[in-house]
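Architecture and fold: a report
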Amino acid sequence: MMKKNASVFFCQECGYESAKWLGQCPACHEWNTFAEEPKVSTSRGKMASSGRRSEAKEPVSLKHIDSDSQDRISTGMAELDQVLGGGIVPGSLVLVGGDPGIGKSTLLLQVCRNLADRLEQVLYISGEESLQQIKLRAVRIGEFSDSLKLLCETNLSDIEAVVLKNRPQVVIIDSIQTMFQEEISSAPGSVSQVREATGVLMRLAKEQNIAIFIVGHVTKEGTVAGPRVLEHMVDTVLYFEGDRHASYRILRGVKNRFGSTNEIGVFEMTDTGLREVANPSEYMLSGKPEGASGSVVVCMMEGTRPMLLEVQALVCRTNFGLPRRTAAGMDYNRLNLLMAVLEKRLNLPLSSYDAYVNIAGGVRLSEPALDLGLVLAIISSYRDVPIPDKTLVFGEVGLSGEVRAVGMSQQRVQEAKRLGFDRIILPKSSLSQMKSITGIRLEGVSTVRDAMEVLG
Ligand code: TYD
Ligand code: MG
């Protein structure tokens, strides 16, 4: 007779466990992500995750805990420090996730270079590349000091032994999907392996007070477990995003036990590694055409950081009965909704026009503050009348064509002023919440029609 429950099925995206194969994951709703893995017997599973038993500990009162030991280590990259909440916390476990080829290894190798100048020992463990390959990458990045040690290893027990022997202050594991525990029979990259490996690293980080960075690939095919499986286990989750064909990258904090998740870091991939972009607005607007219709500058907030971007719309007469609409970098349904508002409230015959909307630079926007800019871009393209340069537009548009207030207007205006903008079209109701700013013309509008009239 076949042994019952010899294997289980895991969603490779989120780690959901099921006794039988499922087409769609009930937890994360991804399709076709279930893979069969041998069942880890509980006794062994427990042993692997808790390791040796430590002596019973006494509870401590809060005021007796020394917080000085939480001194942060600067990574030497201001953008990364900011996302981490002020630097690396010793003993923390940080997951850096992202698509393959986005630059995770490059970023962490650069961090290692910076840290190696100041710390006694930094250990970079790669399960993906040979020492020669890492060397080739390192040569592009620059000079490295001797305190950076490299290791090619995928067996976690060996890694643990090396870490305990060498006692580095910071360890990089590239990537978690290549690591394996011998006791677990499933393949590296499977949910059971990834979970166990993270458990071991977590314990190592906490017990030895070593900061560990884990690289996790985001998967598309579901052949290896995605980083979401371990999001809940680690202290900090950072995602490295960006269009592979555009050179800028955004590092976004998704979870952070030691800081705010509202921060982002902006980087640019160059031929000598990643370069920090301290002034993202300037960078994003650098290719904006002057005097072109359908182009509007909007402002999005990434956490507490304002970022100016260009929205482009192209509206042209449709050749078919059904107009085409495409939205790159924003929600398609939102575009349809805003076009319906224009059609109904301003009587624009948009149903016989195609509309293509693009956020320049490959950014994805979901903020409602973008609405007014988008609407004006569509109108500008429809009428073929350019919107004056150095004009910033923000505000939420409601279904009756009203323009509603959005948060953090002051920061948005300030950023525009810093970049030399001289005119801002914003919700009238936001005006009252703002302190006066000189040298910039603020024009409050309460409906989309007003906004159109303001622009003439
Ligand atoms: P990598 O860090 O290997 O990505 P990941 O670890 O996330 O898979 O980055 C690889 C890409 O970055 C590769 O396409 C080449 C590019 N790159 C540069 O453009 N400049 C550089 O200096 C380096 C090191 C890489
Ligand atoms: Mg890599």
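Procedures and definitions
- Residues numbered from 1 in each chain as written.
- Chains lettered and ligands numbered in written order.
- Predicted model: local features only at pLDDT ≥ 70, side-chain atom pairs only at ≥ 80, totals over all residues.
- Heavy atoms only, no water.
- Pairing = 2+ DSSP bridges.
- Helix = DSSP H or I, 4+ residues; strand = E, 2+ residues; numbered from the N terminus.
- Buried < 20%, exposed > 50% of the residue type's maximum accessible area, 1.4 Å probe, protein only.
- Right-handed = clockwise from strand over helix to strand, strands pointing away.
- pLDDT = per-residue confidence, 0-100.
- Contact = heavy atoms within 4.5 Å.
- Expected span 1.5 Å × (residues − 1).

As a further point, take the pairing of strand 12 (residues 273-276). For a regular strand, the rule is simple: side chains alternate between the two faces of the sheet. Where strand 11 (residues 264-270) meets strand 12, 4 bridges bridge the pair, whose relative direction is antiparallel. Across the sheet, the residue bridging to Phe267 is Glu276, located in strand 12. Where strand 11 hands over to strand 12, the hairpin turn is made up of 2 residues, counted between the paired strands.

Among the 7 residues in strand 8 (residues 211-217), 7 count as buried, and that is most of the element. Because side chains alternate across strand 8, one face comprises the buried residues Ala211, Phe213, Val215 and His217, and the other comprises Ile212, Ile214 and Gly216, equally buried. In this structure, strand 4 (residues 93-98) lies alongside strand 8, joined through 6 bridges in parallel fashion. Paired with Val96 across the bridge in strand 8 is Val215. Across 4 bridges, strand 7 (residues 170-174) lies against strand 8 in parallel orientation. Bridging across to strand 8, Ile172 finds its partner in Phe213. On the question of chirality, the crossover connecting strand 7 to the parallel strand 8 by way of helix 6 (residues 191-208) is right-handed.

Now for the confidence of the model for the protein chain. Mean pLDDT over the protein chain stands at 87; residues scoring 70 or higher make up 93%. Segment residues 43-50 is flagged for pLDDT under 50; beyond a separation of four residues in sequence, or across chains, it makes 12 contacts in the model.

Moving on to helix 9 (residues 371-383). With 13 residues, helix 9 extends 18 Å from end C-alpha to end C-alpha; this agrees with the ideal 18 Å at 1.5 Å per step. With 11 of 13 residues buried, helix 9 lies mostly within the body of the structure. Within the span of helix 9, buried status applies to Asp371, Leu372, Gly373, Leu374, Val375, Leu376, Ala377, Ile378, Ile379, Ser380 and Ser381. Following helix 9 by one or two positions, Asp384 adopts a phi angle in the positive range, close to 60°.

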